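# An overview of the molecular structure
Here is what each chain is made of, one letter per residue.
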Amino acid sequence: MRLLPADRAPRPASLSGRLGRLLTAAVLAAAVVFVVLYGLSVMLLDRYAWDEDRLARERSQQVENLQDYVDRNGVSSSDIALLTRWVRQQGVLSLQVYRQGALVYDSALQQQDYDGLAGDELPSWETPYPVTFADGEAEILLEGSYAYRLYTYALVAELAAAFALFFGIVMAGIRRTIRYIRQLSGEIRILEGGGLDYKVTVQGNDELGQLARGLDDMRLAFQRQQQQEKALAQASQRMVTEMSHDLRTPLTAILLYTQLLLDHRYQTAEQQNDYVRRIDKQARRLKQLSDRLFSYALSTAGEDDVPAQALPLQSALYDLLSETTAYLEQRGFAVRLDLDWRPCRIRLRRDYLGRILDNLASNIVKYADPAAPVVLRSLYTDGCAGIALENRCAARPAAAESSGIGLRNVDGMMRKMGGSCVVEQSGGRFCAALYFTCADAPEQGKKSGGAP
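Residues numbered from 1 in each chain as written. Predicted model: local features only at pLDDT ≥ 70, side-chain atom pairs only at ≥ 80, totals over all residues. Heavy atoms only, no water.

### Topic: the overall build of the protein
When helices and strands are counted, the protein shows nine helices and 11 strands. Considering the protein as a whole, with its 452 residues, one finds that 32% of them fall into the buried category. Pairs at least 24 residues apart make up 69% of the contacts formed inside the protein by residues separated by at least 6 positions. Of the roughly 27600 Å² of accessible surface on the protein, 55% is carried by carbon and sulfur atoms. (Helix = DSSP H or I, 4+ residues; strand = E, 2+ residues; numbered from the N terminus. Buried < 20%, exposed > 50% of the residue type's maximum accessible area, 1.4 Å probe, protein only. Contact = heavy atoms within 4.5 Å. Areas by Shrake-Rupley, 256 points an atom, 1.4 Å probe, with all protein chains shown as cover.)

### A few points about the pairing of strand E9 (residues 384-392)
The buried fraction of E9 amounts to seven of the nine residues, a majority that puts the element mostly inside the structure. Two strands pair when backbone bridges link them, and strand E8 (residues 374-381) and E9 are joined in this way by seven bridges, in the antiparallel orientation. What sits directly across from Ser378, in E9, is Ile387. Here E8 hands over to E9 after two residues, with Gly383 in that stretch at a positive phi of 80°. Relative to strand E11 (residues 429-437), E9 runs antiparallel, the two being bridged by nine bridges. Note that in E11 the partner of Asn391 across the bridge is Phe430. (Pairing = 2+ DSSP bridges.)

### Description of the sheet that holds strand E6 (residues 335-338)
Strand order across the open sheet formed by five strands is E6-E8-E9-E11-E10, with mixed pairing between neighbours. Only two strands of the sheet have a single partner each, and these edge strands are E6 and strand E10 (420-426). Taken pair by pair, the neighbouring strands of this sheet meet at an average axis angle of 20°, ignoring direction. (Axes fitted to C-alpha atoms, helices over the stretch in contact; angles between N-to-C directions.)

### Concerning the pattern of salt bridges
Taken as a whole and assessed by the stated rule, the structure comprises nine salt bridges. With a shortest N-O distance of 2.9 Å, Asp216 and Arg219 are connected by a salt bridge. Placement of both Asp216 and Arg219 in helix H5 (residues 207-262) is noted, with a separation of three residues, approximately one turn of the helix. For Arg219, a relative accessible area of 6% corresponds to the buried category. Between Asp411 and Arg415 there is a salt bridge, and its shortest N-O distance comes to 2.9 Å. Here Asp411 and its partner Arg415 are both found in helix H9 (residues 405-416), four residues apart, which amounts to about one turn of the helix. Residue class for Arg415 comes out exposed when judged on its relative accessible area of 59%. Each of Glu270, Asp274 and Arg277 takes part in a single network of salt bridges with overlapping partners. (Salt bridge = Lys/Arg side-chain N within 4 Å of Asp/Glu carboxyl O.)

### Quick look at unusual backbone geometry
The backbone of His264 shows a phi angle near 55°, a positive value even though the residue is not glycine. Its location among the elements puts His264 in the loop between H5 and helix H6 (269-301).

### Observations concerning the packing of helix H7 (residues 313-330) against helix H8 (residues 350-367)
At a closest axis distance of 10 Å, the pairing of H7 and H8 adopts a crossing angle of 25°. When the interaxial angle is binned, H7 and H8 end up roughly parallel. Along this stretch, H7 crosses H8, giving a crossing that reads as right-handed. In contact with Ser315, Ala316, Leu317, Leu320, Leu321, Thr324, Tyr327 and Leu328 of H7, H8 contributes Arg350, Leu353, Gly354, Leu357, Ala361, Ile364 and Val365. Residue composition of the contact of H7 with H8, grouped by class: 11 nonpolar, three polar and one charged. (Parallel < 35°, antiparallel > 145°, perpendicular 65-115°, else oblique. Left-handed = near helix turned anticlockwise from the far one by under 90°. Nonpolar A, V, L, I, M, F, W, Y, C, P; charged D, E, K, R; others polar.)

### A closer look at a nonpolar patch on the surface
Taken together, the side chains of Val32, Val36, Leu37, Leu40, Met43 and Leu44 define a hydrophobic patch exposed on the protein surface, amounting to about 510 Å² of accessible area. Structurally, the position occupied by Met43 is in helix H1 (residues 15-49). (Patch = residues over 30% accessible without salt bridge, like charges linked within 9 Å, V, L, I, M, F, W, Y side chains within 5 Å.)

### A closer look at the environment of Val42
In this fold, Val42 is placed in helix H1. Spatially, the C-alpha atoms of Val42 and Tyr151 are 7.5 Å apart, while their sequence positions differ by 109 residues.

### Describing the confidence of the model for the protein
Across the protein, the average pLDDT comes to 78, with 80% of residues at or above 70. Within the protein, the lowest mean pLDDT, 74, falls on H6, and the highest, 93, falls on E11. Across residues 1-7, where pLDDT falls below 50, the model places zero contacts with residues more than four positions away in sequence or in other chains. Every residue in residues 442-452 is under pLDDT 50, and counting partners more than four places away or in other chains gives 28 contacts. (pLDDT = per-residue confidence, 0-100.)

### What about the packing of aromatic side chains?
Under the definition given, this model contains two aromatic pairs. Look at Phe163 and Phe167: their rings are 6.3 Å apart centre to centre, the planes differ by 25°, and that puts the pair in the stacked class. Here Phe163 pairs with Phe167, and both are found in helix H4 (residues 148-192), just four residues apart, close to one helical turn. Note on Phe167: relative accessible area 47%, which makes it partly exposed. Lying over the aromatic face of Tyr380, Arg342 brings its terminal NZ or CZ to 4.0 Å of the ring centre. Seen from the ring of Tyr352, Arg349 lies directly overhead, with NZ or CZ sitting 4.0 Å from the centre. (Phe/Tyr/Trp six-rings, centres within 6.5 Å; stacked < 30°, edge-to-face > 60°. Lys NZ or Arg CZ within 6 Å of the ring centre and 35° of its normal.)

### Observations regarding the side chain of Thr325
The topology assignment puts Thr325 in helix H7. Thr325 gets classed as buried once you look at its relative accessible area, which sits at 9%.

### Things to note about the nonpolar core
Grouped together as the largest cluster of nonpolar side chains are 37 residues, with contacts concentrated most on Leu317, Leu348, Ile356, Ile387, Met414, Leu434 and Phe436. Mapped onto this core, the elements with two or more residues apiece are H7, strand E7 (345-348), H8, E8, E9, H9 and E11. Ranked by residue count, the leading element in this core is H8, at seven residues. Membership of the second largest hydrophobic core comes to 19 residues, among which are Leu66, Tyr69, Val75 and Phe133. (Core = buried A, V, L, I, M, F, W, Y, C linked by side-chain atoms within 4.5 Å.)

### A word on the state of the cysteines
The tally for this structure, following the rule as stated, stands at zero disulfides. No disulfide involves Cys421; its sulfur sits 9.3 Å from that of Cys431, the nearest cysteine. Given the relative accessible area of 12%, Cys421 is considered buried. (Disulfide = S-S within 2.5 Å.)

So, in structure tokens, the structure goes:
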């Protein structure tokens, strides 16, 4: 026995299919009702129409009508035209006229058929009615469907009842769809008014249900977009606030020392030079913060759409890691290398990678303990390759000019290259892992034991 997957989506329905099934059900129901009503009416009308006493009364009335017609118009037993006109006026009726036992008129015959009429004799089993014509007395036989109008009226009523049932079933089925369309129209107006928290009602799996599901997905997408825009606005405001505070600190110091110099509030030339050195130091801090602010704006807003390139792992990282290692060693840090170059290609942008390593190196200089080595090691996972910079945090880190945007810069640029940045900090250890997407499957290589 074959089982369908539990998460398999139901087969989409169709409005045309639903309408077809509705019409089919309505037609079948109307047909059943018509057949039942027709059978009951025929049974009841047959009992009424073929009652012998009623038939005898009807025939007697017809004979009297014929006698009146003959008397008024002086009709003879052989006057075919006048007799035929009377028969047609009566509706469904058959008339035969016998004179002296021989047939002289039959309503079933045409005019030309009377030329060869041999004069059939009156059947012995029939009961004739006497009628006095202009040319003498004759005997007639009458047969007719005296209740045929009732059959006609009953048939019309049965058809009307079947159509009413058909129309009622169709309208009941369509009314549900129309009501759902009106409901969706009202919910769309709610969404137009900004009520994105209102969930669109989804009914069925037909075109209307899929439309409602699409509207609800669009509502959720708009809601997510608004939330993202709100979060971005809050992050930008927070960044501007933090950077404003960071920029104000060196700027205040610059203004202070500048004012001291302008007011000649120094005792010796050495003190004057000290103020100038302090201004230079604060100016450099101010430039560094402004550069980071500009870098943050570019990395979050998207400075260009240049795609990442697929480059060999070692050639892409070697030079920049060498510069980073030299920079850290100049700042008094010991760097321990644990690099394993494997022959794989990673996707990156060299300009982003340089800025990323600058941010991480600056972070190490400000927060790492110079007494502990900085570990630089390789990383390999399924479909990714990269590096990790690990250091021990200083017991009393120096006052930081950054407000944390450096790591956000790194994360934003890694995401733009299709990679990721994972930061871990526990037990006094700090580790920043950079994962780059492999353009091909990595292979086992030889471990390198020196500088990168």
